[in-house]
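Per-entry structural report
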Amino acid sequence: MALNRVCGQAVARSLLNGIVRSGKVAHAYLFCGPDGTGKSLAAREFVKAVNCEKGESPGDACDTCSSCARIESGNHPDLIVIETDGQSIKIDQARAALKHIAYRPLEARSKAVIIKRADLMTAEAANCLLKGLEEPPGYCVFVLTAPGAASVLPTVASRCQVVPFSACTVEEVRSYLEYRHPGEESRCRAAAFWSGGVPGKGDLFFDEGFLKVRDAARAALENMKTLDVIGFAGEIGKDGAPLFLECLESLMRDMLVLGCGAPESLLANPDLREDLGRTLETWTPGGTARAFDQVTRTRAAVEANAARRLALEVMLLKLQADVLGGYN
């Protein structure tokens, strides 16, 4: 893979290709944009292009030389990738980055440090990293990723060149998914529409864990009258609640599309068209609209750190009460 395979991101790719072609690589870059838009992938491909041994594709990586292959596999001695431990990036990790750049490259032209989710660095880690950003050796390059420049400590962001990433078009995501999943054209179309222009989100359609959660959401809607709400919420759990709510919201939107007679080309889950048709036997358009509003409000509450399982239980009890009371 190389920069030209990053989904969409014409502005970012053009900027990075130009930097590699010019040979004027700065010491630090901050890739900013929504999660799932390819920032981490582009960071790796950029480092590959900077250190490519062949230079057969001007401004990009060849993907065949030893340097490209070792960076791709994560085994290059001149590259270190720093990620969160699930919650944050700590000062010991920042110190490891500084230790990494303290010595000249063993093989590559540039020592590279990729820091994923730099917005999650602790204040201590960010301040420690400043030493490397303020007085970098000429042979190193930092690539940080974050949702936005404002989410990173200002003293860190100000020492980086910002490279913007944004949502892609549905067609760009579909092409990307068809490249990654040949022979799955139907699912790729559905995934691209559901992704909202975020390639990483489209990839979820090929994850069995995601499909299991989406099917649980569909089954809950179809069997709402007899659903064991408390037991079901326990199975979803607090960790699964955000994805479950997102799937539920998407499915209910599709039910509104079908119930109102809108074009089926608007469906975000076209592969479940027949299943959703059965679900409409339980829900009327008016009831679906009210339930959709309830799901949307619950999802917003969960994103605002409400107690996830309790919020899920309350929402499902309200939906079930509406169905059983004949208000759907």
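Residues numbered from 1 in each chain as written. Predicted model: local features only at pLDDT ≥ 70, side-chain atom pairs only at ≥ 80, totals over all residues. Heavy atoms only, no water.

**Digging into the pattern of salt bridges**
The tally for this structure, following the rule as stated, stands at 23 salt bridges. Across the pair Glu72 and Arg44 runs a salt bridge, and its minimum N-O distance is 3.4 Å. Within this pair, whereas Glu72 is found in helix 3 (residues 66-73), its partner Arg44 is found in helix 2 (residues 39-51), the two being separated by 28 residues in sequence. The salt bridge partner of Arg299 is Glu303, with a shortest N-O separation of 3.6 Å. Taken together, the residues span about one helical turn, with Arg299 and Glu303 both in helix 13 (residues 285-303) at a distance of 4 residues. Accessibility expressed as a relative area gives 21% for Arg299, which makes it partly exposed. The exposure class of Glu303 is exposed, given its relative accessible area of 59%. One network of salt bridges, with partners in common, ties together Asp215, Arg218, Glu222, Asp275 and Arg278. (Salt bridge = Lys/Arg side-chain N within 4 Å of Asp/Glu carboxyl O. Helix = DSSP H or I, 4+ residues; strand = E, 2+ residues; numbered from the N terminus. Buried < 20%, exposed > 50% of the residue type's maximum accessible area, 1.4 Å probe, protein only.)

**Quick notes on the side chain of Ser110**
With respect to the helices and strands, Ser110 occurs in the loop between helix 4 (91-101) and strand 3 (111-115). Filtering out sequence-adjacent residues up to four positions away, Ser110 remains in contact with Val50, Asn51, Asp78, Pro105, Tyr139 and Val141. (Contact = heavy atoms within 4.5 Å.)

**What about helix 8 (residues 185-195)?**
The complete set of buried residues in helix 8 reads Cys188, Ala190, Ala191, Ala192, Trp194 and Ser195. Looking at the packing, one finds that the buried side of helix 8 touches helix 7 (170-180), helix 9 (199-202), helix 10 (208-222) and helix 11 (229-259). After helix 8 finishes, the residue Gly196 shows a positive phi value of roughly 65 degrees.

**Some remarks on the environment of His27**
Mapped onto the elements of the fold, His27 is located in the loop between helix 1 (10-22) and strand 1 (28-32). Taking the C-alpha atoms as reference points, His27 and Glu135, 108 residues apart in sequence, are found 9.6 Å from one another. Not counting chain neighbours up to four residues away, the residues in contact with His27 comprise Leu133, Pro136, Cys140, Val141, Phe142 and Arg159. A distance of 3.0 Å separates a polar side-chain atom of His27 from the backbone oxygen of Leu133. (Polar contact = N/O pair within 3.5 Å; in protein donor to acceptor, adjacent residues only side chain to side chain.)

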